Amino acid sequence: MSLSEFIRLAWESISGNKLRSLLTMLGIIIGVASVIIMIGISAGTEAAIEEQITGLGSNLVFVTQNFSRGGADRFRQGGGLVYDDASAIADNVNGVVAVVVEQPSTESVRTGNVVLDGVVIQGSTADFPSVRDIEIDRGRYFTEQEVDRTQKVAVLGSSLAEELFGEATPIGQTVTVDNIKLTVIGVFEERGLVSGTDFDAQLYTPITVVFQKFTPSQFARFRGDRVRAIIVEVEGPEVVDGTIQQIELLLARRHDVTLDAADFGVTTQQDIIQTQEATTAAFRNLLAWVAGVSLIVGGIGIMNIMLVTVSERTREIGIRQSIGAAPNDIRWQFLTEAVVLSLAGGVIGVLVGVGGSILFGALSDMRTVVVTGSIVLAFTSAAVVGIFFGFYPANQASQLDPIEALRHE
Amino acid sequence: MAVIETTNLSRVYGMGEISVRALDGVNLSIERGEFVAVMGPSGSGKSTLMNILGCLDRPTEGRYILDSLDVSEMNRAQLAQIRNERIGFIFQSYNLLKKASALKNVMAPLLYDRKNNRTHEEKIAKAQKVLIAVGLEDRMEHEPTELSGGQQQRVAVARALVNDPAFILADEPTGNLDSQSGEEIMELMHELHQGGRTIVMVTHDALIAEHTERTIYLRDGRIERITKTGSGQAVKEGASESI
């Protein structure tokens, strides 16, 4: 018997019992659809994260404090990044376009009768908007001179501006931060959540203001003000590695430490993306396993129904044997039926999965991407499940004794 | 030349002390073109002999030569092929595939045919031809439930004939039919016999056995006697169209 004849036979049997066939396929449909949707969601999340991180600005190198190796002793001794490190990098390292320093502090902000607690006051320097790739919506950002002169000015994130002033114009108004009065000179455009930081909810002020008013330190008199992060924009991706080396050597010398015991760390966007991807990959694998389990459950459903089918159709098997069906013919007949059943379930599952992914992406905040590979994967698994769980019932059928089978009612 | 030749054919069920000898040294020879009845009371080994002759079962001892082929030691797949190519079964309860049309039922043996590489269309044409020969030209697309008992048995006869077997093995072919349909089926058997077919018919009905040329009586797994019977004289003139 040829394959096309087996398929014809399988199809006749499946379409002859539509409701049962559909119910049997349901497990596979759900399994395949969930594989596609799950992978679609995690791939969408991954793409969104990557886009966000790239959106931090391009070709950035992040220099941050790192006390994990130096230990707390080094902190007490006055280790860590200081403000002057930034200008040293700008002056001595090749391939640097701009250097921005960030030093945050959390304070309460007040204007009129609006009081907001726990607002992040981000002390930074003049190049912040260009390096961080964030646009001014109204007014302007502060200049280098204003940073040098410790001018008490503020630029507001978009949502902070709205919370403080509502519909009113914030420019020229005064906000009080921990008893210090700052004049609002600009408002940022909406930027959204980037890698866990809500740029829209922050208040931006010259870093010198933060040093003087919010995070004063006695130690600053000796070695300079400690800063949380120095962000270096480099000319292009090809100079990143060289720049990192230069920065590391420079800072190690300035801090009088060896590279192995450095009190700072240098990372790139690429590092951050990779870390994030590792997280989402773990998440995706978990989802894929969950979906895979539902495929197996679907396969067990198919095996169950095929066993019922074989026992119901024992007489038919006997008849077929009497007219010349060999054990292999019977085995192939039922195996084909199981595989056609799961493949049909697979096709419906792919349609449901692709439709579901698109619908889910449209209706929720999450982004979904239909990954071609996931369709292939889901479809192949459906076929494998059909063969695997169809084999046992088909084998049972093929081993029936023709005389017994013919006697079966 | 003999189509069926058995030597010392035995079939033992079970093992050791509780074993039962359902067939005990049966020597039998059936010539090409013969119409033979097998009779005997229940427990005589009738069914066992039929199962072995039909290659549904294998003898425990002895030889069974079918169409000059020794089938006694063949495996299940080989026996299936023998059934497909050389034996046409007609059962008491018709044993048609329930959800398949008359045409599909008759086509079924052609699907398991490993020798002739017929196309789907050729298989349809072949099945149609046989269905027309048994007088069911206007019932081809009907499913068994839409056919009378006599018509269903005609479909079964057509199915038995479609692969041009060495012999037809009929097990109480009229047992489930009213006397009118039963007579029609016996008439059809005569036509086949006249057309040169070899037919072995198992029955417990002496009147039905009268239609055949020879009756083999079984008792306790042995051949008790073989008698010459009516030799199919009941056939009508001109009904001997070859099918």
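Every chain is numbered independently, its residues counted from 1 as its sequence is written. Chain labels run from A onward and ligand labels from 1 onward, assigned in the order the entries are written. Note on the predicted model: pLDDT of at least 70 is required for a residue's local features to be given, and 80 or more for side-chain atom pairs to be given and counted; whole-chain, interface and lining totals, by contrast, use all residues.

Remarks on the overall build of chain B
- Of the regular secondary structure elements, chain B holds 7 helices and 10 strands.
- Each radius of gyration is computed over the set of C-alpha atoms, and the globule rule expresses the reference value as 2.2 Å times the number of residues to the power 0.38. The C-alpha atoms of chain B give a radius of gyration of 18 Å, which matches the 18 Å a tight globule of 243 residues would have.
- Overall, chain B is about 55 × 40 × 35 Å in size when its C-alpha atoms are taken along their principal axes.
- To sort residues by exposure, count the other C-beta atoms lying within 10 Å of each residue's C-beta; 20 or more gives buried, 12 or fewer gives exposed, and values between give partly exposed, all with C-beta atoms placed from the backbone. By residue count, 46% of the 243 residues in chain B fall in the buried class.
- A pair of residues counts as a contact when their C-beta atoms, built from backbone coordinates, are separated by no more than 7 Å. Put simply, 68% of the contacts in chain B that link residues at least 6 apart link residues at least 24 apart. In this description a helix means any DSSP run of H or I spanning at least four residues, a strand means any run of E spanning at least two, and both kinds are numbered starting from the N terminus.

Considerations on the interface of chain B and chain A
- With 18 residues of chain B in contact, the opposing surface of chain A contributes 17 residues.
- Secondary structure elements with two or more residues in the side of chain B that touches chain A: α2 (76-86) and α3 (102-111) of chain B.
- Sort the elements by how many residues they give to the side of chain B that touches chain A and α2(B) lands first, with 6 residues.
- The nonpolar class holds Ala, Val, Leu, Ile, Met, Phe, Trp, Tyr, Cys and Pro. Asp, Glu, Lys and Arg form the charged class, and all remaining residues, Gly among them, are polar. Tallied by class, residues from the side of chain B that touches chain A come to 9 nonpolar, 4 polar and 5 charged.

A look at helix α7 (residues 158-165) of chain A
All names here are of chain A.
- For α7, the complete set of buried residues consists of Leu160, Ala161 and Leu164. Looking down the long axis of α7, one finds its buried residues gathered within 100 degrees of arc, a one-sided arrangement.
- Here the buried face of α7 lies against β2 (96-111), β3 (114-124), β5 (153-156), β6 (174-177), β7 (180-188) and β10 (203-206). In this context, the arc is that of the directions from the helix axis out to the C-beta atoms.

Some points on α2(B)
- Within α2(B), burial applies to B:Leu79, B:Ala80, B:Ile82, B:Arg83 and B:Asn84.
- Residues of α2(B) that are buried make contact with α12 (314-322) of chain A together with β4 (61-66), β6 (87-90) and α3 of chain B.

Section: the nonpolar core
- Formed by 119 residues in total, the largest nonpolar core has its most connected members in A:Val32, B:Val106 and B:Ala158.
- The leading source of residues in this core is helix α2 (residues 18-54) of chain A, at 12 residues.
- Other than its neighbours up to four places away in sequence, B:Val106 contacts B:Ala127, B:Val130, B:Leu131, B:Val155, B:Ala158, B:Arg159 and B:Val162.
- If you look at the next biggest cluster of nonpolar residues, it comprises 51 residues, including A:Leu164, A:Leu203, A:Ile207 and A:Phe264. Definition of nonpolar core: a set of buried Ala, Val, Leu, Ile, Met, Phe, Trp, Tyr and Cys residues joined via C-beta atoms within 7 Å.

Notes on the environment of B:Pro173
Residues and elements named next belong to chain B.
- Looking at the secondary structure, you find Pro173 in the loop between β7 (167-171) and α6 (179-194).
- Separated by 101 residues in sequence, Pro173 and Ser72 have C-alpha atoms that sit 26 Å apart.
- Residues contacting Pro173, with those up to four places away along its chain left out, are Ile90, Gln92, Gln153, Ile185 and Met201.

Observations regarding the environment of A:Thr24
Residue and element names in this part refer to chain A.
- Along the chain, the position of Thr24 falls in helix α2.
- Look at Thr24 and you get buried, because 26 C-beta atoms sit within 10 Å.
- Those residues in contact with Thr24 that lie beyond four places of it in its chain are Gly301, Ile302, Ile305 and Leu341.

Regarding the sheet that holds β4(B)
Residues and elements named next belong to chain B.
- Two strands form a pair only when DSSP identifies at least two bridges running between them. Reading across the sheet, the 4 strands line up as β2-β1-β4-β5 and stay open at both edges, with antiparallel pairing between neighbours. Each end of this open sheet is capped by a strand with a single partner; those strands are β2 (20-31) and β5 (69-70).
- The pairing of strand β1 (residues 2-13) with β2 spans 8 bridges and is classified as antiparallel. Paired with Ile4 across the strands is Ile30, a residue of β2.

Considerations on the sheet that holds strand β9 (residues 214-219) of chain B
Residue and element names in this part refer to chain B.
- The mixed open sheet is built from 6 strands, whose spatial order is β6-β7-β8-β3-β9-β10. The sheet is open, and its two borders are formed by β6 and β10 (222-228), each paired with just one other strand. Taken pair by pair, the neighbouring strands of this sheet meet at an average axis angle of 20 degrees, ignoring direction.
- By the bridge criterion, 4 bridges tie strand β3 (residues 35-39) to strand β8 (residues 199-202) in an arrangement that is parallel. By the bridge assignment, Val38 is partnered in β8 with Val202. Between N-to-C directions, angles span 0 to 180 degrees; the directions come from axes that are lines fitted to C-alpha atoms, helices contributing only their stretch in contact.

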